[in-house]
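Here's the letter readout for the chains.
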Amino acid sequence: MTTLASRWATTVANARAPHTGPDPAPYATNLLARWDEPQRRYHTTDHLAAVLDRIDELADHAQDLPAVQLAAWFHDAVYRPDRSENEERSAALAERALPELGIDAPRTAEVARLVRLTVTHDPADGDRNGEVLCDADLAVLAGSPDRYAAYAAAVRAEYGFVPDPDFRAGRAAVLRQLLALPHLFRTPHGRAHWEQPARHNLATELSLLSTGT
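Before going into details, it helps to say that this report is about the structure given with it. (Residues numbered from 1 in each chain as written. Predicted model: local features only at pLDDT ≥ 70, side-chain atom pairs only at ≥ 80, totals over all residues. Heavy atoms only, no water.)

## So, the environment of valine 140
Rules: Secondary structure follows DSSP: runs of H or I at least 4 residues long count as helices, runs of E at least 2 residues long count as strands, and numbering of each begins at the N terminus. Partly exposed residues are those whose accessible area sits between 20% and 50% of the maximum for their type, while under 20% is buried and over 50% is exposed, using a 1.4 Å probe and protein chains only. Should any heavy atoms of two residues lie within 4.5 Å, those residues are counted as being in contact.
As for its position among the elements, valine 140 is in the loop between helix H7 (128-138) and helix H8 (145-158). Look at valine 140 and you get partly exposed, because its relative accessible area is 26%. As for valine 140 and leucine 70, which are separated by 70 residues in sequence, their C-alpha atoms are 19 Å apart. In this structure valine 140 touches Tyr42, Tyr148 and Tyr151, once residues within four positions along its chain are discounted.

This is the structure we're talking about:
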């Protein structure tokens, strides 16, 4: 938590004019508490840290790196697996909090736009900020087989209230939709390093779901 709080303070300092706005520490406390809520199994502080790490890898591709980093903090700040408006509520939270912190209106609007983009993970051509955030969020798909299996198990745990047949059908539909995309990743780094491992993992999970394993 200390490391994440320190990263938050650095991001806020880079995102606003010097010596403007309140102490960012209470905001970090609030956000980290959100990311640590008991209903979360995958969308946890570990996921937040992983997304921030991947953004660091893709930093040269971003047009507004602080905006992308702030969007990572807020993109699942509101998360209930039984609800569909999480991204919208997370974006609205950013729109309230960032002006209080001294973040200017254009950057606040960009952060909120990026958070809403995680509904589809489909940035427009040339949307470099969106490409970085979406690739960072989806990079988990390219993990080692063990890491991917842990990710898939955590997702299943978040949806523990869904009966197994319904979960299998819904999850399989999501996997087929992802595999049908021309590209899972939009940045050059993502395509070069994450595309093929991710497709292999997705196909493997889909096969296991179809056989009932």
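Okay, back to it.
## So, the packing of aromatic side chains
Inclusion rule: Centres within 6.5 Å make a pair out of two Phe, Tyr or Trp rings, where for Trp the six-membered ring is used; the pair is then stacked when the planes are under 30 degrees apart, edge-to-face when over 60, and tilted otherwise. Remark: a charge is flagged as sitting over a ring if the NZ atom of Lys or the CZ atom of Arg is within 6 Å of the ring centre and within 35 degrees of the ring normal.
Within the structure shown, the criterion is met by seven aromatic pairs. Measuring from centroid to centroid gives 5.6 Å for phenylalanine 185 and tryptophan 194, while their planes differ by 65°, and the two rings are edge-to-face. For the residue pair phenylalanine 185 and tryptophan 194, the accessibility class agrees, reading buried in each case. Over the ring of tryptophan 35 we find arginine 40; its NZ or CZ atom is 5.2 Å from the centre of that ring. Over the ring of phenylalanine 167 we find arginine 156, and its NZ or CZ is 4.3 Å from the ring centre.

## Comments concerning the packing of H8 against helix H9 (residues 164-180)
To describe two helices that pack against each other, one gives the angle between their axes and the distance between the axes. For clarity, the threshold we go by: Fitting a line to C-alpha atoms yields each axis, with helices limited to the stretch in contact; the angle taken between N-to-C directions then spans 0 to 180 degrees. Geometric relationships in this document are graded by angle, where less than 35 degrees denotes roughly parallel, more than 145 denotes roughly antiparallel, 65 to 115 denotes roughly perpendicular, and other angles denote oblique. For a crossing to be left-handed, the near helix must be turned anticlockwise from the far one by less than a right angle; the clockwise case is right-handed.
Two elements in contact, H8 and H9, have axes whose closest approach is 12 Å; the angle formed by their N-to-C orientations is 130°. By the angle between their directions, the pair H8 and H9 is classed as oblique. Taken as a pair, H8 and H9 cross one another with a handedness that is right-handed. Across the interface between the two elements, Tyr148, Tyr151, Val155 and Arg156 of H8 pack against Asp164, Phe167, Arg171 and Leu175 of H9.

## Quick notes on the nonpolar core
Keep this limit in mind: Nonpolar core, defined: a set of buried Ala, Val, Leu, Ile, Met, Phe, Trp, Tyr and Cys residues in which side-chain atoms within 4.5 Å join the residues together.
Trp8, Trp73 and Phe74 are the most contacted members of the largest nonpolar core, which has 62 residues in total. Tallying contributions element by element places helix H4 (residues 65-74) first for this core, with seven residues.

## Considering helix H5 (residues 86-100)
Applied cut-off: Expected span of a helix: the number of residues minus one, times 1.5 Å. In this description, the arc belongs to the directions extending from the helix axis to the C-beta atoms.
Here H5 contains 15 residues, and its C-alpha end-to-end distance of 22 Å stays within 8% of the 21 Å for a straight helix at 1.5 Å per residue. All of the buried residues in H5 are Asn86, Glu87, Ser90, Ala91, Leu93, Ala94, Ala97 and Leu98. Relative to the axis of H5, the buried residues are bounded by an arc of 155° and lie together on one face. In this structure, the buried side of H5 is in contact with helix H2 (25-35), H4 and helix H6 (105-117).

Spatial relationships are all this shows, so hold off on functional conclusions.
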